[in-house]
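A closer look at the structure
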Amino acid sequence: MIRVNSTEVASKNQVPGSLTQVGVTMKYTFLDYLRSRRFFILLVIVLLISAILTIVVGYYRPASFLTSGLSFYSSWWGTSAVFLVALFGIFFGGDAISGEFQNRTGYFSLPHPIRRSSVYAGKWLAALLASSMILVVFTAITLGNGAYYFGMSVPYQFGESVLLAWFYLVAVLGFTFFFSSLFKSTSYSILVTAVLFLFAFNLIETLVANLVQIEPWFILTYGAQIIGSVLSTEYPAHTTTVRGFGPNGPTLTLYNATIPEGLAIIAAYFIVTAALGLILFERKEFT
Amino acid sequence: MNEPSIQAVGLTKRYGSFTALDSLNLNIERSKCVGFLGPNGAGKTTTLKLFTDLIRASSGEALVNGVNVHTRKKKALESVGTLIETPEIYPSLTPREALSMVAETRGVPAAERKKRIEDVVTEVRMDEWVDKRVGKFSKGMKQRINIAAALLSDPRIFLLDEPSTGLDPRGMSEVRDIVKSLKGKQRLIFMSSHLLSEVTDICDEVAMIDHGKLLVYDTLSNVTSRFSGGENIVEVGFLRPLDGGVNGRIASGVPGVTSAERVDDRTLRIRFNGGASTQERLLSNLVGMNLGVISYKPASSALEDVYLSLIKDTK
């Protein structure tokens, strides 16, 4: 007969506090992310986008990029960062919670003396850490190219934009984790978050602003405009009136989120979706 | 230290109009192994999930050492090792990392973690694989790691849901040995299984459930004797092939024996009335007959008879 070697335990186990358990979950989920195919794919996407931009700017020397340092960072970072952050959210948040159900990893991580909220928070922090790492890679490549064309003097607005992009990442992950908690199927949760961030939000924002003529303050991607706006030579006006198509075309009002407004939208999205996601995960059953 | 206990008090789980578990009242105390039997969909896994807070009760309570699992999960599960529904492990982690995660979550002291992980990995015979990523493991290998995870913090209570699922015959035998050794360490083991022979082999008590209702909970011998008209059944193995008249000699010559039927040329199934003392006398008589007795154990068929009879009655 086999003997259980751990027969006598020298000292008694002391279940750690919830914060420590958040750290434990974060550590091992991050390790899992770091070795995962999705991390590698995201890194390749970031490197690919960076390579294309490097070649295009180097070969064609577009004026929009090379007029000034600020215009360089605006064209390079302002157009890519929002898209990339959404991609990070989809990759790391889309199935983070639904995967615990569908892939059955929840049966390994949850039947222990640990609160579900600790698992949720730990996984969220791991996703934030993994996404931030890739964001840092993109930031470094942007800075490298900027330094090549404009030297080491980096406009302070770029620092602001990076910080805002990181705030946006926080909100995006809050949102994708919430959607991930809604579903038990990983493909549904990934699909829904991808459709929302890559199409639906932009579509709703355009329709609401142009057709209904109200400010789309309730759309997260509208708040994310501030990431690109801070890189403008002059911060865009909150509202701009333009004339529509044709000689008698209607007058349209274009909206631009102010920085406080954008930050408020980002913060509200994070707080509300994080709370809702947590509640959903706490209540969801492993049936 | 108090004796370990698990207790279901009016534990009910409904999914819409379907009742998966119907007012389960069960009180299991002290160190022992309890087999939890029932057909598919009877409510076995539902019960175990309620005891690990993977699902919420519609009404009633699941208590571990007197602590409500749902309202005070951290306290209730601190001394419980679990294996529910063949869990999957994060595929990029190695068994060492996955087990470290469990050890850190459960507060296994840092100084002991490495040794304990190595001990349990040896226990489930996965030493060679401890630093390979789990993603490529077979179902049986993952199940061994899951068993290791349940053993890791050396808990006093084990909740095991068909622990030998996915294992090859050797693995199943090893799991049985592990559970037997846990019994020797004064642990309470509550284990669902479809394998009646496994339950007969390692469990002291048995609980049977069907359609969400508990049908019986008692010691193995009481259950088999109660539902077989007071009869007990043992299977006796012999070294040599038996001659044709030996069944009759045993049936007529040994007090208490009601019948002796041949299972094969080296095995007899003997039915007898009486308790432990009759069993002792029966074994002594068999040895005295110089037939070459090499094994003597309660027949799994006795439990099977009870199982089939009870489950049929609830249809």
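Residues numbered from 1 in each chain as written. Chains lettered and ligands numbered in written order. Predicted model: local features only at pLDDT ≥ 70, side-chain atom pairs only at ≥ 80, totals over all residues.

1. Here's the deal with the overall build of chain A
Per the secondary structure count, chain A includes 12 helices and 2 strands. The order of α-helices and β-strands along chain A, N terminus first, is α-α-α-α-α-α-α-α-α-α-α-β-β-α. Its C-alpha atoms give chain A principal-axis dimensions of roughly 90 × 45 × 30 Å. Across the 287 residues in chain A, those meeting the buried criterion constitute 44%. For chain A, contacts bridging at least 24 residues in sequence account for 79% of all contacts bridging at least 6. (Helix = DSSP H or I, 4+ residues; strand = E, 2+ residues; numbered from the N terminus. Buried ≥ 20, exposed ≤ 12 C-beta atoms within 10 Å, placed from the backbone. Contact = placed C-beta atoms within 7 Å.)

2. Looking at the overall build of chain B
The number of helices and strands found in chain B is 11 helices and 14 strands. Computed over C-alpha atoms, the radius of gyration of chain B comes to 22 Å, within 12% of the 20 Å expected from 2.2 N^0.38 for 315 residues, which places it in the range of a compact globule. Each principal axis of the C-alpha distribution contributes one length, and for chain B these read about 65 × 50 × 40 Å. Buried residues in chain B amount to 45% of all 315 residues. Considering only residue pairs separated by 6 or more positions, chain B has 67% of its internal contacts joining residues 24 or more positions apart. (Rg over C-alpha atoms; globule rule 2.2 N^0.38 Å.)

3. What to know about the interface of chain A and chain B
Contacts between the two partners involve 35 residues from chain A, matched on the other side by 44 residues from chain B. Every element with two or more residues in the side of chain A that touches chain B is listed here: helix 1 (18–34) and helix 6 (106–109) of chain A. Examining the composition of the side of chain A that touches chain B, we find that 5 residues originate from one element, helix 1 of chain A, more than from any other.

4. Digging into the pairing of strand 1 (residues 239–243) of chain A
Residues and elements named next belong to chain A. The element strand 1 is largely exposed, with a buried count of 0 among its 5 residues. Examined bridge by bridge, strand 1 and strand 2 (residues 251–255) share 5 bridges and lie antiparallel to one another. In the sheet register, Thr241 faces strand 2, and the bridge partner there is Thr253. (Pairing = 2+ DSSP bridges.)

5. Some details on the pairing of strand 4 (residues 59–64) of chain B
Looking along a regular strand, one sees the side chains alternate between the two faces of the sheet. Residue and element names in this part refer to chain B. Sheet topology places strand 1 (residues 5–15) next to strand 4; 5 bridges connect them, and they run antiparallel. Following the sheet pairing, Thr12 is matched in strand 4 by Ser59. Across 2 bridges, strand 4 lies against strand 5 (residues 67–68) in antiparallel orientation. Within strand 5, the residue paired with Leu63 across the bridge is Asn68. Adjacent in sequence and paired antiparallel, strand 4 and strand 5 are bridged by 2 residues, among which Asn65 carries a positive phi angle near 50°.

6. Overview of the sheet that holds strand 11 (residues 231–238) of chain B
Residues and elements named next belong to chain B. The antiparallel open sheet is built from 4 strands, whose spatial order is 12-13-11-14. In this open sheet, the two strands that pair with only one neighbour each are strand 12 (257–264) and strand 14 (293–298). Recorded for the sheet is a direction-independent mean angle of 25° between the axes of neighbouring strands. By the bridge criterion, 6 bridges tie strand 12 to strand 13 (residues 267–273) in an arrangement that is antiparallel. The residue bridging Arg262 from the neighbouring strand is Leu268, located in strand 13. Running at roughly 160° to strand 12, helix 9 (residues 246–253) makes contact with strand 12 and strand 13 of the sheet. (Axes fitted to C-alpha atoms, helices over the stretch in contact; angles between N-to-C directions.)

7. Here we look at the domain arrangement of chain B
Residues and elements named next belong to chain B. Taken as a whole, chain B is organised into domain 1 (5–219) and domain 2 (227–313). For domain 1 versus domain 2, the distance between C-alpha centres works out to 33 Å. With 10 residues of domain 1 at the interface, the matching set in domain 2 holds 7 residues. Looking at the side of domain 1 that touches domain 2, the elements with two or more residues in it are helix 7 (196–202), strand 9 (205–210) and strand 10 (213–219). Top contributing element to the side of domain 1 that touches domain 2 by residue count: helix 7, with 4 residues. A per-class count over the side of domain 1 that touches domain 2 returns 7 nonpolar, 2 polar and 1 charged. (Domains from an automatic or database assignment. Nonpolar A, V, L, I, M, F, W, Y, C, P; charged D, E, K, R; others polar.)

8. Some details on helix 1 of chain A
Along its 17 residues, helix 1 of chain A runs 24 Å from first to last C-alpha, staying within 8% of the 24 Å computed at 1.5 Å per residue. Among all positions of helix 1 of chain A, only Gln21, Val22, Val24, Thr25, Met26, Tyr28, Thr29, Phe30, Asp32 and Tyr33 of chain A are buried. Turning to helix 1 of chain A, the residues buried within the fold contact helix 2 (37–60), helix 4 (69–93) and helix 7 (116–150) of chain A together with helix 3 (95–106) of chain B. (Expected span 1.5 Å × (residues − 1).)

9. Describing the packing of helix 2 of chain A against helix 4 of chain A
Residues and elements named next belong to chain A. Put simply, helix 2 and helix 4 touch, their axes get as near as 11 Å, and they point 170° apart. Between helix 2 and helix 4, the angle falls in the class roughly antiparallel. Handedness of the helix 2/helix 4 crossing: right-handed. In contact with Arg38, Leu42, Ile45, Val46, Ile49 and Leu53 of helix 2, helix 4 contributes Trp76, Ser80, Leu84, Leu87, Phe88 and Phe91. For the contact of helix 2 with helix 4, the residue count by class is 10 nonpolar, 1 polar and 1 charged. (Parallel < 35°, antiparallel > 145°, perpendicular 65-115°, else oblique. Left-handed = near helix turned anticlockwise from the far one by under 90°.)

10. Here's the deal with the packing of helix 7 of chain A against helix 8 (residues 156–182) of chain A
All names here are of chain A. Two elements in contact, helix 7 and helix 8, have axes whose closest approach is 10 Å; the angle formed by their N-to-C orientations is 145°. Handedness of the crossing formed by helix 7 with helix 8: right-handed. Of the residues in helix 8, those touching helix 7 at Trp124, Ala127, Leu128, Ser131, Ser132, Leu135 and Thr139 are Val162, Ala165, Trp166, Leu169, Val170, Leu173 and Phe177. The residue makeup of the contact of helix 7 with helix 8, split by class, is 11 nonpolar, 3 polar and no charged.

11. Structural notes on the sheet that holds strand 5 of chain B
Residues and elements named next belong to chain B. Pairing is antiparallel in the open sheet, where 4 strands are placed in the order 2-1-4-5. A single partner strand is all that each edge strand has here, and the edge strands are strand 2 (18–29) and strand 5. This element, helix 1 (residues 44–51), spans strand 1, strand 2 and strand 4 of the sheet and lies at about 115° to strand 1.

12. Concerning helix 10 (residues 276–288) of chain B
In this model helix 10 of chain B runs 18 Å from its N-terminal to its C-terminal C-alpha over 13 residues, within 8% of the 18 Å that 1.5 Å per residue would give. Among the residues trailing helix 10 of chain B, Asn290 of chain B stands out with phi positive, at a value near 55°.

13. With respect to unusual backbone geometry
Residue and element names in this part refer to chain B. Residue Arg30 is not a glycine yet carries a positive backbone phi of 70°. Mapped onto the elements, Arg30 comes out in the loop between strand 2 and strand 3 (32–37). The exposed category is assigned to Arg30, around which 10 C-beta atoms lie within 10 Å. The phi dihedral of Gln186 falls on the positive side, at around 65°, and the residue is not glycine. Here Gln186 is to be found in the loop between helix 6 (169–184) and strand 8 (188–192).

14. Points about the environment of Pro39 of chain B
Residues and elements named next belong to chain B. Mapped onto the secondary structure, Pro39 falls in the loop between strand 3 and helix 1. Judged by C-beta crowding, with 16 C-beta atoms within 10 Å, Pro39 ranks as partly exposed. Expressed as a C-alpha distance, the spacing of Pro39 and Ser277, which sit 238 residues apart in the sequence, is 34 Å.

15. Comments concerning the nonpolar core
Within the largest apolar cluster, 166 residues are counted, with the highest numbers of intra-cluster contacts made by Val85, Phe88, Tyr168, Leu169 and Ala171 of chain A together with Ala148 and Ile189 of chain B. Here this core gets 15 residues from one element, more than from any other, and that element is helix 8 of chain A. Here this core spans two domains, and each of domain 1 (5–219) and domain 2 (227–313) of chain B adds at least three residues to it. Apart from the residues lying within four places of it in its own chain, the contact partners of Ile189 of chain B are Cys33, Val34, Phe158, Leu160, Val179, Leu182 and Lys183 of chain B. (Core = buried A, V, L, I, M, F, W, Y, C linked by C-beta atoms within 7 Å.)

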